[in-house]
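# Topology and contacts: notes
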Amino acid sequence: MKKILVSALCSSILFLSCQKKEETTQPKEPEKPPQTQTSQPSTSPTSQTQPQTSDIGIGPIKKVEIGTSIDKEMAKKGEEIFKMKCSMCHKIDENYVGPALRGVTLAMKPEWIMNMILNPIEMTQKDPAAKALYETYLTQMTPQNLSEQEARAVLEYLRSIDQQSK
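Notes on the structure in this doc start here. (Residues numbered from 1 in each chain as written. Predicted model: local features only at pLDDT ≥ 70, side-chain atom pairs only at ≥ 80, totals over all residues. Heavy atoms only, no water.)

## Thoughts on the environment of lysine 126
As a reminder of what qualifies: Runs of H or I in DSSP of at least four residues are treated as helices and runs of E of at least two as strands, each being numbered from the N terminus.
Position of lysine 126 among the secondary structure elements: in helix H6 (residues 120-126). As for lysine 126 and glycine 57, which are separated by 69 residues in sequence, their C-alpha atoms are 8.6 Å apart.

Following this line, the structure appears as structure tokens:
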């Protein structure tokens, strides 16, 4: 009799724990990352009550020189890298494992994008916009071991897509 009660209790606990897990693993509606275009740290009221990172993110990239026109050769290299390293989780026009990337260069600073590519784990731990993406997609972006030049090429590819969208 005890075995039956213990078995029933364990089954109930297992059932309830699985049921709660299903509810919490439903992806939330995607949140748009904060749209920032200046290199000044946020001075909104929330930044005064909780620590905020600057809008360039956290990582090795402090300044990126961006021209007004697209470097087509660099963008082509970036497209190849994107297809090889990024397309398993990211699509341009649809949310997938990670967010759709069309418009990212219009919403985020180039330094933030490159730091997210090069330093995704620390970014999702400390950067508010990256944390929000992690909470939305429930998946940690994995480091792809790209060099700064490769990350810059991916950035140029994303810029070329966003420039075509204008």
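After that view, the rundown keeps rolling.
## Considerations on unusual backbone geometry
As a reminder, the rule being used: Note on classification: 1.4 Å probe, protein chains only; a residue is buried when its accessible area is under 20% of the maximum for its type, exposed when over 50%, partly exposed between these limits.
Look at leucine 138: it is not a glycine, yet its phi comes out positive at around 55 degrees. With respect to the helices and strands, the residue leucine 138 is situated in the loop between helix H7 (128-137) and helix H8 (148-165). For leucine 138, a relative accessible area of 43% gives the class partly exposed.

## A short note on the packing of aromatic side chains
The test is simple: Two rings belonging to Phe, Tyr or Trp (six-membered ring only in the last case) form a pair when the distance between their centres is within 6.5 Å. Interplanar angles under 30 degrees mark stacking, angles over 60 mark edge-to-face geometry, and anything in between is tilted. We call a charge positioned over a ring when the NZ of a Lys or the CZ of an Arg lies within 6 Å of the ring centre and within 35 degrees of the ring normal.
With the rule as written, the count across this model stands at 1 aromatic pair. Pairing phenylalanine 82 with tyrosine 157 gives two aromatic rings, centres 5.4 Å apart and planes at 50 degrees, and the pair type is tilted. Placement of phenylalanine 82 in helix H3 (residues 72-86) and of tyrosine 157 in helix H8 is noted, with a sequence separation of 75 residues between them. Per residue, the accessibility class of phenylalanine 82 equals that of tyrosine 157, and both read buried. For lysine 91, the ring lying beneath its charged end belongs to tyrosine 96, and the centroid distance is 4.6 Å.

## Here we look at the nonpolar core
Cut-off, in case you're wondering: To qualify as a nonpolar core, a set must consist of buried Ala, Val, Leu, Ile, Met, Phe, Trp, Tyr and Cys residues joined through side-chain atoms within 4.5 Å.
Core analysis: the largest hydrophobic core is formed by 29 residues, its most contacted members being Met108, Trp112, Ile113 and Leu158. Broken down by secondary-structure element, the contributors of at least two residues to this core are H3, helix H4 (104-107), helix H5 (110-118), H7 and H8. If you tally residues by element for this core, the top one is H8, at 7 residues.

## Focus: the pattern of salt bridges
Operational definition: Only one rule defines a salt bridge in this text: a Lys or Arg side-chain nitrogen within 4 Å of an Asp or Glu carboxyl oxygen.
Counted under the stated rule, the structure contains 5 salt bridges. Taking the shortest distance from any N to any O, the salt bridge between lysine 83 and glutamate 79 comes out at 3.4 Å. Of the two residues, lysine 83 and glutamate 79 both sit in helix H3, 4 residues apart, roughly one turn of that helix. Exposure remark for lysine 83: the relative accessible area of 53% places this residue in the exposed category. Accessibility expressed as a relative area gives 26% for glutamate 79, which makes it partly exposed.

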